[in-house]
Amino acid sequence: MATDLTAPAPSRADVAPIQRRTLRLLVVTQIIGGIGVTIGISVGALLAARVAGTAIAGLAQSAAVVGGALLAVPVTRIMTGHGRRPGLVTAYLVGAVGGVLVVLAAATRQVPLLFLGMLLFGGGSAANLQARYTAVDLAEPARRGRQLSLVVWATTIGAVAAPNFAALADRTTRGWGLPSLAGPFAFSAVAFALTAGVLLVLLRPDPLLTARRLADAEAAPDATTAPDAAAPGKAAGPAATGRRGAGMRVAWRVVRERPAARLGIAAVAVGHLVMVAVMSMTPVRLGEYHDDSAVLGVVGVVLSLHIAGMYAFSPVVGWLTDRLGRRPVSLGGLAVLLVACAVAGASGHHTPGLSVGLVLLGLGWSGTMVAGSTLLSESVPADVRPSVQGLSDLTMGLAGAAAGALSGFVMQVAGYPTLTLLAAIATVPLLALALRAVPGRAPDEEERPCG
């Protein structure tokens with residue numbers, strides 16, 4: 001019986017129904033996985049404060065971010081050798097184990113166990129992020145932006161619904177004897193395990209391996225002319241590219257050689273850095289002029305608007321990415337981020353103005369994320385694409401973690417307006433990179449378009 005690794009190459013006509021089925025599955029699993037991520041994170045800081053104390057509660061929350069970034073490395077290595085399905089399943093199962101460990105830490109009040117659990121919990125975030133790349137493995141070049149953005153958009157449902165489930169999960173699991181605030185992480189573990197099971201059974205054929213087989217089949221006539229006739233810089237076949245051995249070092253070399261890939265990674269990382277830096281300190285800013293009885297409600301509304309800006313309009317951003325081009329939309333996202341920093345920084349103690357700034361911050365992030373991810377995916381060969389995408393997520397995660405850690409210090413020393421100014425200045429390297437002339441290159445010049 002054929003497996004993902006031994007199945008015959010599909011025809012171009014076979015790809016469209018496989019891609020439609022893959023997209024439907026990814027949308028469903030993104031909703032379930034998004035609920036798993038958000039329902040735990042929504043109470044993570046509160047639980048960490050009760051177990052470890054308020055002083056290091058932020059570090060425990062950051063552990064999930066760092067974990068998601070670091071786990072992108074082994075997950076994408078699995079994908080490089082064996083396809084998307086085992087990589088995504090592994091990441092979700094690691095997240096489920098993390099959720100279980102957090103519950104045990106809450107029950108035993110073991111701080112090291114809490115940090116380990118939060119670190120592994122980041123596997124759910126790593127899987128959710130990698131799913132957006134799975135959406136473009138078999139996408140037609142003219143529709144890559146829209147199909148990637150559709151998977152990003154699906155996260156909105158889980159992100160908006162999950163906080164409303166947190167209280168229900170907490171009440172339910174208290175009856176089972178679990179400590180307060182541990183219930184949401186128990187539900188997260190179940191959601192991750194369910195998502196892993198669905199992908200394990202239904203994500204067949206594997207989209208990445210299918211794309212590779214299609215590319216090999218279409219390149220086969222060219223390869224028969226002469227074994228050494230491949231163009232310089234172009235692999236002669238699967239073995240030449242080292243599919244199974246492509247790690248971060250290979251990924252970095254590939255990115256360094258391709259200006260479009262560098263721009264894609266920079267757009268994703270800088271957009272995320274600016275978003276996290278400003279967003280993470282906005283609740284503190286609101287706490288400066290709202291009393292304790294009202295601040296949580298205000299923070300909830302403002303951050304909900306921000307999340308809507310991040311995800312709700314991503315299909316429009318994807319459509320613009322396909323119509324206008326990857327670089328113009330990346331630059332547009334960058335411009336919106338600059339406006340967001342200006343509006344938020346100048347809003348003073350005016351909550352509606354700050355809300356507008358946070359919505360714009362989410363929109364700018366969406367532009368850099370969707371356009372940058374699409375540009376990155378199509379600017380590198382399929383054989384090393386998972387490793388390069390993992391490098392991008394690692395860079396993005398570490399940039400976000402650094403921004404979150406430094407933003408508190410800047411806020412305390414210089415205030416919120418200065419923080420937004422520094423966040424705006426952080427976009428200068430990306431602006432310079434995006435405006436540099438890049439040698440023209442058709443999408444997937446190294447291979448026939450297949451994902």
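Residues numbered from 1 in each chain as written. Predicted model: local features only at pLDDT ≥ 70, side-chain atom pairs only at ≥ 80, totals over all residues. Heavy atoms only, no water.

**Student:** Explain the overall build of the protein chain here, please?
**Tutor:** What the protein chain contains, in helices and strands, is 17 helices and zero strands. Taking all contacts inside the protein chain whose residues are at least 6 apart in sequence as the whole, residues at least 24 apart take part in 84%. Just so you have it, the protein chain exposes about 18,400 Å², and 70% of that area is on carbon and sulfur atoms. (Helix = DSSP H or I, 4+ residues; strand = E, 2+ residues; numbered from the N terminus. Contact = heavy atoms within 4.5 Å. Areas by Shrake-Rupley, 256 points an atom, 1.4 Å probe, with all protein chains shown as cover.)

**Student:** Quick question: what am I supposed to make of the nonpolar core here?
**Tutor:** In globular proteins that are soluble, nonpolar side chains generally tend to be buried together. In this structure, Val274, Leu286, Leu361, Tyr416 and Leu430 are the most contacted members of the largest nonpolar core, which totals 48 residues. Every element with two or more residues in this core is listed here: helix H5 (144-174), helix H10 (259-287), helix H11 (292-311), helix H13 (326-346), helix H14 (351-378), helix H15 (385-414), helix H16 (416-425) and helix H17 (428-435). Here the element with the most residues in this core is H10; it accounts for 12 residues. Every residue in contact with leucine 286, bar those within four places of it in the chain, is listed here: Val295, Val298, Val299, Val302, Thr351 and Leu354. (Core = buried A, V, L, I, M, F, W, Y, C linked by side-chain atoms within 4.5 Å. Buried < 20%, exposed > 50% of the residue type's maximum accessible area, 1.4 Å probe, protein only.)

**Student:** Sorry if this is basic, but what is going on with the packing of H15 against H16 here?
**Tutor:** Two quantities define a packed helix pair, namely the angle between the helix axes and the distance between the axes. Where H15 meets H16, the axes come as close as 7 Å, and the angle between the chain directions of the two elements is 135°. Our classification of the angle between H15 and H16 gives oblique. In this structure, H15 meets H16 at a crossing whose hand is right-handed. Residue-level inspection shows Ser407, Val410, Met411 and Ala414 of H15 in contact with H16, the latter providing Tyr416, Thr418, Leu419 and Leu422. Grouping the amino acids of the contact of H15 with H16 by side-chain chemistry returns six nonpolar, two polar and no charged. (Axes fitted to C-alpha atoms, helices over the stretch in contact; angles between N-to-C directions. Parallel < 35°, antiparallel > 145°, perpendicular 65-115°, else oblique. Left-handed = near helix turned anticlockwise from the far one by under 90°. Nonpolar A, V, L, I, M, F, W, Y, C, P; charged D, E, K, R; others polar.)

**Student:** Where do I start with the packing of helix H9 (residues 248-257) against H15 in this structure?
**Tutor:** With their axes 8 Å apart at the nearest point, H9 and H15 run at an angle of 90° to one another. With respect to each other, H9 and H15 are oriented roughly perpendicular. From H9, Met248, Ala251, Trp252, Val254 and Val255 reach across to H15, where they touch Ser387, Val388, Gly390 and Leu391. Here the residues of the contact of H9 with H15 are counted per class, giving seven nonpolar, two polar and no charged.

**Student:** Is there a simple way to think about helix H3 (residues 84-108) in this case?
**Tutor:** Over its 25 residues, H3 runs 36 Å from end to end, which matches the ideal 36 Å to within 8%, given 1.5 Å per residue. Arginine 109 occupies a position one or two residues after H3 and carries a positive phi of about 60°. (Expected span 1.5 Å × (residues − 1).)

**Student:** Can you walk me through unusual backbone geometry in this structure?
**Tutor:** Glycine aside, residues mostly have negative phi angles, and peptide bonds mostly take the trans form. Here the residue pair arginine 204 and proline 205 is connected by a cis peptide bond, since its omega of -5° sits within 30 degrees of zero. Among the structural elements, proline 205 can be located in the loop between helix H6 (183-202) and helix H7 (207-223). Positive phi values are uncommon outside glycine, yet arginine 109 reaches one of about 60°. Along the polypeptide, arginine 109 turns up in the loop between H3 and helix H4 (111-134).

**Student:** Please clarify how the packing of aromatic side chains should be interpreted in this entry.
**Tutor:** Working definition: an aromatic ring pair is given by the centre-to-centre distance plus the angle between the planes. Counted by the stated rule, this structure contains four aromatic pairs. On the basis of an interplanar angle of 50° and a centroid distance of 5.4 Å, the ring pair of phenylalanine 121 and phenylalanine 192 is categorised as tilted. Here the residue phenylalanine 121 occupies a position in helix H4, and phenylalanine 192 occupies one in helix H6, the gap between them amounting to 71 residues. By relative accessible area, which is 1% here, phenylalanine 121 ends up buried. The class for phenylalanine 192 is buried, based on a relative accessible area of 0%. An aromatic cluster of three or more residues is present, and its members are Tyr92, Phe121, Phe185 and Phe192. (Phe/Tyr/Trp six-rings, centres within 6.5 Å; stacked < 30°, edge-to-face > 60°.)

**Student:** What exactly am I supposed to notice about the pattern of salt bridges here?
**Tutor:** Where charged atoms from two side chains of opposite charge approach closely, those side chains can pair. A full pass over the atoms with the stated rule returns nine salt bridges. The closest approach of N and O atoms between arginine 132 and aspartate 393, which form a salt bridge, is 3.0 Å. Note that arginine 132 is positioned in helix H4 and aspartate 393 in helix H15, a separation of 261 residues in sequence. For arginine 132, a relative accessible area of 3% gives the class buried. Residue classification places aspartate 393 among the buried residues on the basis of a relative accessible area of 4%. (Salt bridge = Lys/Arg side-chain N within 4 Å of Asp/Glu carboxyl O.)

**Student:** Looking at this model, I keep getting lost on the side chain of serine 330. Mind explaining?
**Tutor:** Residue placement: serine 330 occurs in helix H13. Residue classification places serine 330 among the buried positions, given a relative accessible area of 4%. With near-sequence residues (within four places) excluded, serine 330 lies in contact with Ala267, Gly367, Thr368, Ala371 and Gly372.

**Student:** Quick question: what am I supposed to make of H6 here?
**Tutor:** Residues separated by three or four positions in an α-helix point in the same direction, a consequence of the helix having 3.6 residues per turn. Its 20 residues place the ends of H6 29 Å apart at the C-alpha level, agreeing with the 28 Å of an ideal helix rising 1.5 Å per residue. Of the residues making up H6, those classed as buried are Gly183, Pro184, Phe185, Ala186, Ser188, Ala189, Ala191, Phe192, Thr195, Ala196 and Leu199.

Scope: geometric values only; no functional claims are made or implied.
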